[in-house]
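# Descriptive structure summary
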Amino acid sequence: MSTSSRLRFGVVGVGVIGRLHVQRLLSPDSPADLVAVADTSLEAGQAVGAEFGVDVEPSVDQLLGRDDVDAVVLAVPSGLHADAAVAALEAGKHVLLEKPLEVTVDAADRIIDAEKRSGKVLSVVSQRRFAPENQFLHHTIASGGLGRITTANIEIALWRSQEYYDSGAWRGTWALDGGGALMNQGVHLVDLALWLLGDVEEVYAHSGLLAHERIEVEDTITITARLRSGALLTFLATTTAFGDLPLRVAIMGDGGTAVTLAEKFTHFVASDGRELPAFEPADQQLGQLTDFVTAVQQGTAPLVTSAQARAAVAFIEAAYTSARTGRPVAPR
Ligand SMILES: NC(=O)c1ccc[n+]([C@@H]2O[C@H](COP(=O)([O-])OP(=O)(O)OC[C@H]3O[C@@H](n4cnc5c(N)ncnc54)[C@H](O)[C@@H]3O)[C@@H](O)[C@H]2O)c1
């Protein structure tokens, strides 16, 4: 590929995760180029510009107005994703949007409407799908390797300190974080669960704020769900597990069972005799960036579509409604 046909990116929002996008786009393995960054905090933008030697635009509009920017990574607080994504799509840019798609289904739908009008590619970061172990699990389930799936048990039990929640005014707020352990951290495994197991019919949840103060949202939630396939799911998300437990995904079917801990198989039995391959280490975020670039350049769908990212938000919104009302809720 000639240099001129490489996709040229801007990064909007260069906080904790935006900086990592900048680094990845500048790395020797990057499938694309980085042209400029913008942040509503000019100080944050200039610090990244100086550190990495990239152009800093004084406003997001100015970045979006550049003809030499084909695509943007949006890494702003979650409740600002719709405003940022709609503006970028209307400016004719392809969009790789940080998770979650948005913090409500209504806001997510604004993005999807703008995506359809624009004809541009939009994908949402959900890097765990790019772990080779998770791709193998997806392929195994889809090809019937575990038989009919009956049950799944998924846990994301992490530790986030009080200082973490105090580190940004948007963290732990309904308006901008959209929720706590489930919307912020848990969305990764919600997306994984829906990708592996399919649509959800009904969700029932309990939530609590158990080990933090001065935040509006939950730090712990337990969910049971009935899937359209008939399978039953239990899901735990918490940021109260000091020391972090490894992410745990257990899938049970009448033709096999699989467990991963921290995305490594600790158990795999398939009645058709298939075995685990050797897995090579992979950079999940680079895998997703490459998938996005390929989708733009070849006109294919990205692995994580906006419709799938919306389903994760709908699942989470249903869980919050259930926890609040004490009733089972069907995702919208
Ligand atoms: N994929 C992952 O594993 C992962 C990890 C962390 C965060 N995230 C997501 O990334 C997003 C940002 O999280 P963070 O931890 O980097 O937050 P952060 O607060 O560290 O950074 C956000 C940055 O956006 C800037 N900003 C705010 N409003 C803006 C606007 N309208 N336009 C331009 N810039 C604006 C802020 O000044 C700040 O520099 C969130 O949606 C979060 O859910 C994803």
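The structure reproduced in this document is the subject of the present report. Nothing here was measured: the structure is a model prediction, and the numbers come from that model. (Residues numbered from 1 in each chain as written. Predicted model: local features only at pLDDT ≥ 70, side-chain atom pairs only at ≥ 80, totals over all residues.)

## What about helix 2 (residues 42–52)?
Put simply, the rule reads: Three exposure classes are used, based on other C-beta atoms lying within 10 Å of a residue's own C-beta, which is placed from the backbone: buried for 20 or more, exposed for 12 or fewer, and partly exposed in between. Runs of E in the DSSP output that reach at least two residues are strands. Runs of H or I that reach at least four are helices, and both are numbered from the N terminus. In this context, the arc is that of the directions from the helix axis out to the C-beta atoms.
Within the span of helix 2, buried status applies to G45, V48 and G49. End-on, the buried residues of helix 2 take up no more than an arc of 100 degrees, which puts them together on one face. Away from its buried face by more than 90 degrees, helix 2 exposes E43, A50 and E51. The positive-phi residue at the C-terminal boundary of helix 2 is G53, with phi of around 70 degrees.

## Topic: helix 9 (residues 284–298)
Definition in use: Expected helix span is taken as 1.5 Å per residue step, with the number of steps being one fewer than the number of residues. Residues are treated as contacting if the C-beta atoms built from their backbones sit within 7 Å of each other.
The end-to-end C-alpha distance of helix 9, which contains 15 residues, comes to 21 Å, matching closely the 21 Å that a straight helix rising 1.5 Å per residue would cover. For helix 9, the set of buried residues is Q288, L289, F292, V293 and A295. Taken end-on, helix 9 shows its buried residues confined to a sector of 155 degrees, consistent with a single buried face. Each element contacted by the buried residues of helix 9 is listed here: helix 1 (16–26), strand 5 (94–97) and strand 6 (122–124).

## Points about unusual backbone geometry
Going from K99 to P100, the amide bond is cis rather than trans, its omega being -15 degrees. Here P100 shows up in the loop between strand 5 and helix 5 (105–118). In this structure, R214 is a non-glycine residue whose phi angle is positive, near 60 degrees. Tracing the backbone through its elements, the reader meets R214 in the loop between strand 8 (200–208) and strand 9 (220–227). Residues other than glycine seldom take positive phi values, yet E263 does so here, at roughly 65 degrees. Structurally, E263 is set in the loop between strand 12 (256–261) and strand 13 (264–270). We classify E263 as partly exposed; it has 18 C-beta atoms within 10 Å.

## Observations concerning the pairing of strand 7 (residues 149–157)
To keep things clear, this is the line we draw: Two strands pair under a simple rule: DSSP has to find at least two bridges between them.
Bridge count for strand 7 against strand 11 (residues 248–253) is 6 bridges, and the pairing is antiparallel. Looking across to strand 11, one finds that A152 is bridged to I251. By the bridge criterion, 7 bridges tie strand 7 to strand 10 (residues 232–238) in an arrangement that is parallel. Note on strand 10: the bridge partner recorded for E155 is L236.

## Things to note about the environment of E115
Note that E115 resides in helix 5. Overall, E115 belongs to the buried group, with 22 C-beta atoms counted inside 10 Å. If sequence neighbours within four positions are ignored, E115 has contacts with L89, K120, L122 and S306.

## Description of the nonpolar core
For clarity, the threshold we go by: Under the definition applied here, buried Ala, Val, Leu, Ile, Met, Phe, Trp, Tyr and Cys residues are grouped into a nonpolar core through C-beta atoms within 7 Å. An automatic or database domain assignment is the source of the domain bounds shown.
L74, A85, A193, F315 and A319 are the most contacted members of the largest nonpolar core, which has 95 residues in total. In terms of residue count, the dominant contributor to this core is helix 8 (residues 181–197) (12 residues). When we break this core down by domain, the ones giving at least three residues each are domain 1 (3–126 + 286–304) and domain 2 (128–282 + 312–325). Beyond its immediate sequence surroundings of up to four residues, L74 is in contact with V12, G13, H81, A84, A85, A88, V95, L97 and E98.

## Considering the sheet that holds strand 13
Strand pairing in a sheet takes place through backbone hydrogen bonds and is either antiparallel or parallel in direction. Under the convention used in this document: Note on geometry: axes are lines fitted to C-alpha atoms, helical ones only across the stretch in contact, with angles between N-to-C directions running from 0 to 180 degrees.
Strand order in this open sheet of 7 strands is 8-9-10-7-11-12-13, and the pairing throughout is mixed. Each of the sheet's edge strands pairs with one partner strand only, and the pair in question is strand 8 and strand 13. Neighbour-to-neighbour, the strand axes of this sheet turn through a mean angle of 5 degrees, independent of strand direction. Relative to strand 12, strand 11 runs antiparallel, the two sharing 6 bridges. Looking at the pairing, A250 lines up with V259 of strand 12. Lying on the sheet, helix 6 (residues 132–142) is in contact with strand 7, strand 11, strand 12 and strand 13; it crosses strand 12 at an angle near 165 degrees. This element, helix 8, spans strand 7, strand 8, strand 9, strand 10 and strand 11 of the sheet and lies at about 155 degrees to strand 7.

No statement about biological role is implied by the geometric values presented.
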